[in-house]
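Overview (structure and organization)
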Amino acid sequence: MNRHLLSIDDLSRDEATHVLDTAAELAHLLDDTDRAVRKLPTLRGRTVVNLFFEDSTRTRISFEAAAKRLSADVINFSAKGSSVSKGESLKDTALTLEAMGADAVVVRHPASGAPHRLAYSGWTRSSVVNAGDGTHEHPTQALLDAFTMRRHLGPPDRPGALDGRRVAIVGDILHSRVARSNVLLLDKLGAAVTLVAPPTLLPVGVGSWPCQTSYDLDAVLPACDVVMMLRVQRERMNAAYFPSAREYSRRYGLDAPRLGMLAEHALVMHPGPMNRGLEISAVAADSPRSTIVEQVANGVSVRMAVLYLLLGGAQ
Amino acid sequence: MSTTLVRGARLLGDRQGDLLIRDGLIVEVGPGLSEVGAEVIDATGLVALPGLVDLHTHLREPGREDAETVASGTAAAALGGFTAVHAMANTDPVADTAGVVEQVWRLGQAAGHCQVRPVGAVTVGLAGERLAELGAMASSAAGVRVFSDDGHCVSDAVLMRRALEYVKAFGGVIAQHAQEPRLTEGAQMNEGELSGVLGLRGWPAVAEEAIIARDVLLAAHVGSRLHICHVSTAGSVEIIRWAKSKGWDVTAEVSPHHLLLTDELAASYDPVFKVNPPLRGKADVAALREALADGTIDAVATDHAPHPVEDKDCEWDAAAFGMLGLQTALSVVQEAMVETGLLDWAGVADRMSTRPARIGALAGQGEGLVPGAAANLVLVDPSVRARVDPDTMASLSRNTPYAGMVLPGRVVTTLLHGRATVRDGVLQ
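Residues numbered from 1 in each chain as written. Chains lettered and ligands numbered in written order. Predicted model: local features only at pLDDT ≥ 70, side-chain atom pairs only at ≥ 80, totals over all residues. Heavy atoms only, no water.

With respect to the domain arrangement of chain B
Residues and elements named next belong to chain B. By the assigned domains, chain B splits into domain 1 (3-47 + 374-427) and domain 2 (51-359). Of the residues lining the interface, 35 residues belong to domain 1; the matching set on domain 2 comes to 46 residues. Between domain 1 and domain 2, a total of about 3,000 Å² is buried, with carbon and sulfur atoms accounting for 66% of that surface. It is N399, P401 and Y402 that lose the most area in domain 1 upon contact with domain 2, and together they represent 22% of the buried surface on that side. Linking domain 1 with domain 2 are one salt bridge, by the criterion used here. Among the ionic pairs, E335 bridges to R385, the shortest N-O distance being 3.1 Å. (Domains from an automatic or database assignment. Contact = heavy atoms within 4.5 Å. Buried area = accessible area lost by both parts, 1.4 Å probe. Salt bridge = Lys/Arg side-chain N within 4 Å of Asp/Glu carboxyl O.)

Quick look at the structure:
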């Protein structure tokens, strides 16, 4: 595996499958009820820094739990204000972490490409894991989503479990790093992705992405194996991306009638945090086919696998 | 009386000849000239061009002397073969009064590396709200003729119309930075396939083209001269070509980096490639080259934009827009236009000296290599190729996008009114 995980493009199909298989093994090991200590010694003595330039409690604690279950030392570094707001620059923060001897830096940053700069500017020798950068990518979210899909669709943990599966990703594609990483990963794993959004929320050039697009959610839903709803920020309507929250919800929200259009086995996913009543109704979020809470649990296993393969593999 | 004899140069890259220079003027041109007591410059194998004129230079003084000063910027200009630069108005304080433009003009005279012609701001403080005292700047010692809010677009159509009309009284020209502000809020790179993949906010071509379309129509309506700064898209070229076909008095410039580099470089997330307007696609580069070759685009202008290291050594979104250009401009034009057969050296002289001097109404520059012309000239060795090394540049900044690239051509000598500002590639 590459020394960094910045984009899903850093992984081949085999490597991505290996991450998912490893995550499954790690989850299995820790689920073992005979185990007195739910912790593995794999990364003992290694230091993982969670460097968060943007608030994200759920991603940060997920990485923190993953590192701790592998016995790594964890340092949480909340850098409020990047160089944009004239705080400490990304470079100086990186040099500080380098001086502290971080083995891996998990970075969340509002600027697309910031993890790429950390990895390749010579400021630090650490492995860099992208925990979400701007509107670029969020590769571990895509991995945990694929992990969740694999568990439910077809024989679990079988390579190729997602081949031919149909996944709809619905919502603010333009601003979504989750969508970008998911399109790349699901395509690698053989699934057919359809992005569903109003035209204003699809990026220019989306036609060259390895997926289909649609403006019509109702037409897409019946054939889906998975429907993944993305968070839509209410402020977007101020920039004329859509006229009102209600109109968005009517046209693109997963409400009860649309939930009824799904095939029996189809999953409802959401990367969180949800806007209940906007992109997803309570009845959809809380339905038995919803994997939203399970996604959180799977996030820890997948992030353990990523840290293990990036750091443990080197020893 | 100082007399200089430039011997054996290929004049405009063509026939070999000598140039006799006396008291800052070219007095004789031809083969086999001789003059007793003249200082002889052996130019065998070198191409002689008229001194280059830049319509678009950021010298950063006053205000950002950590990035560049008039002295350091004009040193870079001379080393790049320039004998005149137009210093853009977005300094601090803004060059929107006679006082500031005279200060910049005087600093240029004191440094002595090349002529510095300040550009005046169109609106007070570049704020786009009310006209600056354009007449006062025109009548000042600096003799301003080019007015621009560069870095900001004069987006208010009424204000743009009035500015175009007003400067007719003193032969001025408005140089528009064509960027529709609402379409480019927070924009980071060319909007296209790659901006979507990289998650960098897109900067659509239409934001440039819509303003150019509006402004050529405005200029035609009021019968004014209009100059378009740093044209970057194929669509802009089409609109300018159409405006010229109507006989309207519209001119345009292109920056060297838009002739050579494409938006694919943004995939590195290295802000050294972040520039306004952004690097565009391959088809745009091809259209710009073709337009410069056929004269639709009149001039090459560097948009030399120095920035201190800390403004580029950061994440893309946080970085400043702009690239160095003065010391690499001629090499880039040779690579993009001459080596490709699109332009000969006479064409280079036209696009980098004659026409920019005419657009700027700059007497004593761009007069060519003819008897009676001011002795502003540059001797270039087109046969060498060298790796670009930012650390050897005269600019106080290092933000060149060409670092490590191998480019052709070397400026050997620059003469400013007969006096060598650069000799054997060394600043005098």
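Topic: a positive patch on the surface
A contiguous patch of positive charge on the surface is contributed by R231, R234, R246 and R250 of chain A. R246 of chain A gets classed as partly exposed once you look at its relative accessible area, which sits at 49%. (Patch = residues over 30% accessible without salt bridge, like charges linked within 9 Å, V, L, I, M, F, W, Y side chains within 5 Å. Areas by Shrake-Rupley, 256 points an atom, 1.4 Å probe, with all protein chains shown as cover. Lys, Arg positive; Asp, Glu negative; His and termini not counted. Charge placed at Lys NZ, Arg CZ, Asp CG, Glu CD. Buried < 20%, exposed > 50% of the residue type's maximum accessible area, 1.4 Å probe, protein only.)

Looking at the pattern of salt bridges
Going through the model one piece at a time under the given rule, you end up with 34 salt bridges over all chains. Residue E54 of chain A pairs with R177 of chain A through a salt bridge whose shortest N-O separation is 3.0 Å. Taken together, the positions of E54 of chain A in the loop between β1 (47-52) and α2 (57-69) and R177 of chain A in helix α6 (residues 177-188) put the pair 123 residues apart, joining distant regions of the chain. Classification of E54 of chain A by relative accessible area gives partly exposed; the value is 24%. Residue E238 of chain B pairs with R241 of chain B through a salt bridge whose shortest N-O separation is 2.9 Å. With E238 of chain B and R241 of chain B both in helix α7 (residues 234-245) and three residues apart, this pair spans about one turn of that helix. (Helix = DSSP H or I, 4+ residues; strand = E, 2+ residues; numbered from the N terminus.)

What to know about the state of the cysteines
Enumeration according to the criterion identifies zero disulfides over all chains in this entry. Left without a disulfide partner, C224 of chain A is nearest to the cysteine sulfur of C211 of chain A, which lies 13 Å away. This cysteine, C229 of chain B, is not joined by any disulfide, and C153 of chain B carries the nearest cysteine sulfur, 9.9 Å off. (Disulfide = S-S within 2.5 Å.)

Re the domain arrangement of chain A
Residue and element names in this part refer to chain A. Segmentation of chain A into domains returns domain 1 (8-138 + 296-314) and domain 2 (139-291). Between the C-alpha centres of domain 1 and domain 2 the distance comes to 25 Å. At the junction of the two partners, domain 1 supplies 32 residues and domain 2 supplies 29 residues. For the domain 1 face of the interface with domain 2, the top three residues by lost area are I8, R13 and H138, together amounting to 27%. Viewed at the interface, domain 2 and domain 1 are joined by four salt bridges. At the junction of domain 1 and domain 2, the tally comes to 15 residue pairs in polar contact (both at pLDDT 80 or more). Among the secondary structure elements, those contributing two or more residues to the side of domain 1 that touches domain 2 are α1 (13-31), α2, β3 (104-109), β4 (127-133) and α11 (292-311). Considered class by class, the residues forming the side of domain 1 that touches domain 2 number twelve nonpolar, eleven polar and nine charged. (Polar contact = N/O pair within 3.5 Å; in protein donor to acceptor, adjacent residues only side chain to side chain. Nonpolar A, V, L, I, M, F, W, Y, C, P; charged D, E, K, R; others polar.)

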